[in-house]
Amino acid sequence: MASKKSSFLVYLILFLSVTALSTFGFDISNPLWSNNGGSWVLQHSSIGISAMHMQLLHNNKIIIFDRTDFGASNLSLPAGRCRSHRNDVSLKFDCTAYSILYDVVFDSIRPLLVQTDTWCSSGAVIADGTLIQTGGYSDGERAARTFTPCDDDCKELPEYLSVRRWYASTQILQDGRIILVGSRNAFSYEFFPKNFLNSISPVNYYLRFLRDTRDPREENEDSRTYPNTGSSVMLPIRLTGGNQTDNPEAEILVCGGAPKGSYTKAELGEYISASRTCGRIKVTDPNPKWAMEEMPMPRVMSDMVLLPTGDVLLINGASNGTAGWEDGRNPVLNPVIYRTYPSDPVPGQRFWVLNPSRTPKMYHSGAVLVADGRLIVGGSNPHRVHNFTADPCPTELALEAFSSPYLAARDSYLLRPSIISIETPLNAIPYRGSFGISLMLGQYRRSRGIEAVMMAASFNTHSFSMNQRAVVLKVARVVQLSLVAYKIEVNGPQTTAIAPPVYYMVFVVHAGIPSQAVWVKVQ
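Residues numbered from 1 in each chain as written. Predicted model: local features only at pLDDT ≥ 70, side-chain atom pairs only at ≥ 80, totals over all residues. Heavy atoms only, no water.

**Side note on the sheet that holds strand S14 (residues 188-192)**
- If you trace the four strands from one edge of the open sheet to the other, you get S12-S13-S14-S15, paired in antiparallel fashion. Since the sheet does not close on itself, it has two edges, and those belong to strand S12 (169-172) and strand S15 (205-206), each with one partner.
- Where strand S13 (residues 178-181) lies against S14, four bridges are found, and the strand directions are antiparallel. The residue bridging Ile 178 from the neighbouring strand is Phe 192, located in S14. (Pairing = 2+ DSSP bridges. Helix = DSSP H or I, 4+ residues; strand = E, 2+ residues; numbered from the N terminus.)

So, in structure tokens, the structure goes:
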């Protein structure tokens, strides 16, 4: 009886809310995001380290790494724990932390012990939720580190990699393995885990493309790679309409960077304007061509983060100079939304400039999307060591949260879905199968549409989010169960190539407003 009374009260309150809105003249048919530029909240003025690398885990905690080669951090390890490493270039014996676990829900931090230098490392989360972090600098350049959500610290596998992997890239593959590509002067790729069963399998594979595209002076023409760093992202894969196939359309967006010669000039104290262009290409077309657009402002070393709505958020970075030590100037404080749809928007409506942060986020900053729809933003250390007095861009130890406009949309408490349960066989989204999502929704606006979106958590560092992926699933049917309860029937992805077998955040998006996500494995 108590359960039925509680449900009735919820329905009654929501019904009265709708009635009240009508009485006071709110027009819920108008666009919901107008006059809303998002909001910033300072979560921690200092987490003790600078957030150079970040990875969200499926328990809603973020593992964050700094470098280990600059001296002691501002956060002590607990209970007198220390690291002892004879090959460390700074401190051979050290009792401070260079990694933390940040609990998004409880806004708390826990220091972690990491033995080797993670600077410029890469990472990916495999099917069971374990983070595989690879490479780094000095004593960490050939290390592999593993971290599962229930671990106390990272487990390290020294000398696991075949060659030095510093500034490498990592991608989860459709068979669940990880491919590691490149590094400085490493023109090869290899896999994790290694194939120990085949003794004649090579430890790595030569990739001539990496050598052919190398520029020893790091000044590629109109470069978007380090140090003239731009950012890129694969736009959401939409398994809707005629695109629900084994080979759906895939589109890449690349934004920002710096003109040729920018790095050389920055090293000499001249900081020229960064690029303001974006290029978009549908790589699945038989004859793909770039479509070029211009951002509202120039931007170098920014981050591009996919949002549940299908849009892209550009955040962090500078408007002059390049990445690298002391080589950037004039921080860009305003995030910008890139409206992914439609492909041919009304002029001037593709980009939307949002409210600024008060904190510059330059070289070695980052941002990750979390399950409640916010972005956690941190880092920024454009100096060779920690420098807390540099003006205007000191080493930054703070952690901020940015709420995109959709979290404060007008009438969002009526139009924002709330997932009750995801009904899947074996507690996993099936390939080539269907599943149900039960949800609460104060008012269903059929004309606004409803979508189910799977989003993979990424490893963010150096203006790039490895393994970032959004898949928009087909909603086959919407069934109203009661006044404010609905069930949507959703088709899962067709293949592991479209959605590798890992954990995803599943959002329901209605009227451009996403629910809080629920973590579900795809298998």
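**A short note on the pattern of salt bridges**
- Counted by the stated rule, this structure contains 17 salt bridges.
- Residue Asp 153 is joined to Arg 81 by a salt bridge in which the shortest nitrogen-to-oxygen separation is 2.5 Å. With Asp 153 in the loop between strand S10 (144-147) and strand S11 (155-157) and Arg 81 in the loop between strand S3 (61-65) and strand S4 (83-84), this pair connects stretches of sequence that are 72 residues apart.
- Put simply, Glu 251 and Arg 280 hold a salt bridge, and the shortest N to O gap is 2.7 Å. Highlighted residues: Glu 251 in strand S18 (residues 251-255) and Arg 280 in strand S19 (residues 277-282), separated in sequence by 29 residues. (Salt bridge = Lys/Arg side-chain N within 4 Å of Asp/Glu carboxyl O.)

**Some details on unusual backbone geometry**
- Note the cis peptide between Tyr 226 and Pro 227, where omega equals 5°.
- In this structure, Pro 227 sits in the loop between helix H2 (208-212) and strand S16 (231-234).
- Between Asp 391 and Pro 392 the backbone carries a cis peptide bond, its omega angle lying at 10°.
- Following the sequence through the fold, Pro 392 ends up in the loop between strand S28 (375-379) and strand S29 (399-403).
- Positioned with a positive phi, Asp 107 is a non-glycine residue whose angle comes to about 55°.
- Note on placement: Asp 107 falls in the loop between strand S6 (99-103) and strand S7 (108-112).
- The phi dihedral of His 364 falls on the positive side, at around 70°, and the residue is not glycine.
- Topologically, His 364 is positioned in the loop between strand S26 (351-353) and strand S27 (365-369).

**A word on empty space enclosed by the protein**
- Throughout the structure, instances matching the rule amount to four cavities of 30 Å³ or more.
- Counted as a void, the largest cavity has a volume near 170 Å³.
- The wall of the largest cavity is formed by 21 residues, among which Val 125, Ala 456, Ala 457, Val 502 and Tyr 503 lie closest to the centre.
- Of all the secondary-structure elements, those providing two or more residues to the lining of the largest cavity are strand S2 (53-56), strand S8 (122-125) and strand S38 (503-510).
- Among the elements that line the lining of the largest cavity, the one with the most residues is S8, at three residues.
- Considering only residue class, the lining of the largest cavity consists of 14 nonpolar, six polar and one charged.
- In this structure, the second largest cavity encloses a volume near 90 Å³. (1 Å grid on protein atoms, 1.4 Å probe; cavity = no way out; pocket = protein on both sides within 12 Å on 5 of 7 lines; lining within 4 Å. Points joined across faces, edges and corners; volume = space filled by probe spheres on them. Nonpolar A, V, L, I, M, F, W, Y, C, P; charged D, E, K, R; others polar.)

**Structural notes on the pairing of S27**
- When you tally the buried positions in S27, you get five out of five residues, the bulk of the element.
- Of the two faces of S27, the one carrying Ser 365, Ala 367 and Leu 369 and the one carrying Gly 366 and Val 368 are both buried.
- Where S27 meets S28, five bridges bridge the pair, whose relative direction is antiparallel. Across the sheet, the residue bridging to Val 368 is Ile 376, located in S28.
- Counting the residues in the hairpin turn of S27 and S28 gives five residues, including Gly 373, whose phi is positive at 95°. (Buried < 20%, exposed > 50% of the residue type's maximum accessible area, 1.4 Å probe, protein only.)

**A short note on the state of the cysteines**
- Summed over all chains, the structure comprises two disulfides.
- Through a disulfide, Cys 82 is tied to Cys 95; the S-S separation comes to 1.8 Å. The chirality of the disulfide connecting Cys 82 with Cys 95 is right-handed, given an S-S dihedral of about 90°. Taken as a pair, Cys 82 in the loop between S3 and S4 and Cys 95 in the loop between strand S5 (93-94) and S6 lie far apart in primary sequence, 13 residues in all.
- A relative accessible area of 31% means that Cys 95 is categorised as partly exposed.
- Note that Cys 255 is cross-linked by a disulfide to Cys 278, the S-S spacing being 2.1 Å. Given an S-S torsion of about 115°, the disulfide between Cys 255 and Cys 278 has right-handed geometry. Residue Cys 255 is found in strand S18, and its partner Cys 278 is found in strand S19; the two are separated by 23 residues along the sequence.
- Residue Cys 255 is classed as buried on the basis of its relative accessible area of 0%.
- Sequence-ordered numbering of the bonded cysteines in the chain gives a pairing of 1-2, 3-4. (Disulfide = S-S within 2.5 Å.)

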